[in-house]
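Working through the structure, step by step
The lines below spell out each chain.
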Amino acid sequence: MSEIREAAVLDRILTLEIVRVVERAAVSAARLRGMGNEKDADQAAVDAMRRELNQLPIQGTVVIGEGERDEAPMLYIGEEVGNKNGPKVDIALDPLEGTTLCAKNQPNSLAVISIADEGSLLNAPDVYMDKIAIGPGYPEGLVDLDRTAIENLTALAKAKGVPINEINVCILDRPRHANLIEEVRTTGAAIRLIGDGDVQGVIHTTDPDETGIDIYMGIGGAPEGVLAASALRCIGGQMQGRLVINNEEQRERAIRMGVTDPGKKFEMIEMAGGDVTFAATGVTDGNMLSGVKFGRGVIKTETVVMRSTTGTVRWVKTEHREFEKFHLD
């Protein structure tokens, strides 16, 4: 009976209560939009998210956070959160995904969190990860990190039933992707370069008719890879990731965090397994979510919350009229 009660509590946490966590972080960060101070905006989001997490009836462990314990004062990897009166869960979070976007008041900054059964989320070090992702409706294994961009795009175009020049690829706009971009362009496929926010870039592959994105490719942060995999587990799609280890220190850090083979190609289920819930609130306006709106006597937020076991996706538009809840103690 206790296990049934814990499951019921978890169900409740993973709906409205997880929404409140990302709402509070987003509002706190949004107060500093356009101020040009990434550090302060990120810290405001961290403080708000941590306070809300510690009110939840969970025994949570942060497996993807704001760095390791010696590097981050709050929400570090390994930190325990919650009031300890509930189920044990893994937590991956980015209180402010797109800190630069928020500081410049540019589109697509988010507050993001994923909660899953204990031991279900990849404890990835804060290094780069090579990623590839597509949306649902395709044969399993259609794309693969071990194939060339040309091979993957050819297979995707064939499966979609369109010429390759109708495929749209999302890639982070970074110098490290110069060769990838050149290879993609030789196929005739179109590229959408994004400055930041590769969690959203991956999620956009799930609805190409709306977003214009068929596939995500390239190297971004490993923590963002776990968060993106969490979202795809809920709404469908395929994703692979492989850590990019550039030196012995990074290799040792990965091993210390439980990654026995730093060169391993991780499937989506290995990055985010079990019963996963993902939630994100817009900080700035974006393709997926509207940003926080400050009005006279009201604050408006928009959040998406998804769950893997039920396949539900809820869009929550909230009007907040009691502002005291957004003030830190």
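Up top you'll find the structure we're talking about.
This text gives an overview of the structure that appears in the document. Residue numbers here run from 1 along each chain, matching the order of that chain's written sequence. Where local features are concerned, this predicted model is filtered to residues with pLDDT of at least 70; where side-chain atom pairs are given and counted, the filter is 80 or more; whole-chain, interface and lining totals use all residues. No hydrogens and no water enter the side-chain calculation; it runs on all heavy atoms of the structure.

Helical segments are the DSSP runs of H or I of at least four residues, strand segments are the runs of E of at least two, and each set is numbered from the N terminus. In terms of regular secondary structure, the chain is built from 10 helices and 14 strands. What the globule rule says is 2.2 Å times the number of residues to the power 0.38, and the radius of gyration is computed from C-alpha atoms. Radius of gyration (C-alpha) of the chain: 19 Å, near the 20 Å computed for a compact globule of 329 residues. Taken over the C-alpha atoms alone, the chain extends approximately 55 × 45 × 40 Å along its principal axes. With a 1.4 Å probe rolled over the protein chains alone, any residue whose accessible area is under 20% of its type maximum counts as buried; one over 50% counts as exposed, and the rest are partly exposed. Going through the 329 residues of the chain one by one, you find that 54% of them count as buried. Contact criterion: two residues are considered in contact whenever any of their non-hydrogen atoms come within 4.5 Å of each other. Considering only intrachain contacts with a sequence separation of at least 6, the fraction spanning at least 24 residues in the chain is 69%.

Let us now look at the packing of helix 4 (residues 149-160) against helix 5 (residues 178-187). Angles shown run from 0 to 180 degrees and are taken between the N-to-C directions of axes, each axis being a line fitted to C-alpha atoms and, for helices, limited to the stretch in contact. With their axes 9 Å apart at the nearest point, helix 4 and helix 5 run at an angle of 40° to one another. As the angle between them shows, helix 4 and helix 5 are arranged oblique. The chirality of how helix 4 crosses helix 5 is right-handed. Contacts between helix 4 and helix 5 involve Ala149, Ile150 and Leu153 from the former and Leu180, Glu183, Val184, Thr186 and Thr187 from the latter. The residue inventory of the contact of helix 4 with helix 5, partitioned by class, reads 5 nonpolar, 2 polar and 1 charged. The labels follow the angle: roughly parallel below 35 degrees, roughly antiparallel above 145, roughly perpendicular from 65 to 115, and oblique for the rest. Crossing handedness is defined as follows: a turn of the near helix away from the far one that is anticlockwise and smaller than a right angle gives a left-handed crossing, while the clockwise case is right-handed. Under the grouping applied here, Gly and all other residues not named as nonpolar or charged are polar, the nonpolar ones being Ala, Val, Leu, Ile, Met, Phe, Trp, Tyr, Cys and Pro and the charged ones Asp, Glu, Lys and Arg.

Among the residues of helix 9 (residues 248-256), Gln250, Arg253 and Ala254 are the ones counted as buried. For helix 9, the angular spread of buried residues about the axis comes to 100°, placing them on one side. At its buried positions, helix 9 is contacted by strand 9 (238-244). The opening residue of helix 9, the one whose side-chain oxygen lies 3.2 Å from the backbone nitrogen of Glu249, is Asn247. Phi turns positive one or two residues past the end of helix 9, at Gly258, with a value near 105°. An arc is given here, and it is the one of the directions from the helix axis to the C-beta atoms. Throughout this description, a polar contact denotes any pair of N or O atoms lying within 3.5 Å of each other; where both atoms belong to protein, one of them has to be capable of donating a hydrogen while the other can accept it, and for residues adjacent in sequence the pair is counted only when both atoms sit in side chains.

This next bit is on the pairing of strand 14 (residues 312-320). Of the strand pairs in this sheet, strand 13 (residues 298-307) and strand 14 are connected by 9 bridges, and their pairing is antiparallel. By the bridge assignment for strand 14, Thr301 is matched with Thr318. When DSSP finds two or more bridges between a pair of strands, those strands are recorded as paired. The turn joining strand 13 and strand 14, which pair antiparallel and follow one another in sequence, is formed by 4 residues; a positive phi near 70° is taken by Gly311.

Turning our eyes to something else, we now look at the nonpolar core. Here, nonpolar core means buried Ala, Val, Leu, Ile, Met, Phe, Trp, Tyr and Cys residues that are tied together by side-chain atoms lying within 4.5 Å of each other. Of all hydrophobic cores here, the largest spans 43 residues; its most connected members are Leu122, Met239, Leu243 and Phe278. With 8 residues, helix 8 (residues 222-235) is the largest single contributor of residues to this core. Beyond its immediate sequence surroundings of up to four residues, Met239 is in contact with Lys131, Ile132, Ala133, Val202, Gly225, Ala228, Ala229, Leu232, Phe266, Glu267, Met268 and Met271. Residues Ile18, Ala30, Ile299 and Val316 belong to the second largest nonpolar core, which totals 34 residues.

Let us look at the sheet that holds strand 7 (residues 190-194). Spatially, 6 strands are ordered 7-6-8-5-9-10 in an open sheet, and the strand pairing comes out mixed. Of all strands in the sheet, those bounded by a partner on one side alone are strand 7 and strand 10 (265-267). Recorded for the sheet is a direction-independent mean angle of 20° between the axes of neighbouring strands. Examined bridge by bridge, strand 5 (residues 128-134) and strand 8 (residues 215-221) share 7 bridges and lie antiparallel to one another. Counted as the bridge partner of Ile132 is Met217 from strand 8. Sitting on the sheet, helix 4 touches strand 5, strand 6 (168-172) and strand 8, and the angle it makes with strand 8 is about 145°.

The next point concerns the packing of aromatic side chains. Any pair of Phe, Tyr and Trp rings, taking the six-membered ring for Trp, is counted once the centres come within 6.5 Å. Such a pair is stacked with planes under 30 degrees apart, edge-to-face with planes over 60 apart, and tilted for the rest. The final tally for this structure, using the stated rule, is 0 aromatic pairs. Here, a charge over a ring means that NZ of Lys or CZ of Arg falls within 6 Å of the ring centre while also lying within 35 degrees of the ring normal. Lying over the aromatic face of Tyr128, Arg176 brings its terminal NZ or CZ to 4.4 Å of the ring centre.

A few words on helix 5. Side chains that are three or four residues apart share a direction in an α-helix, a result of its 3.6 residues per turn. Turning to helix 5, its buried residues are Leu180, Ile181, Val184 and Thr187. Across the axial projection of helix 5, the buried residues extend over an arc of 115°, all falling on one side. Across helix 5 from its buried face, at more than 90 degrees, point the exposed residues Asn179, Glu182, Arg185 and Thr186. Of the surrounding elements, those touching the buried residues of helix 5 are helix 4, strand 6, strand 7 and strand 8. In the segment just after helix 5, Gly188 is the residue with positive phi, at about 95°.

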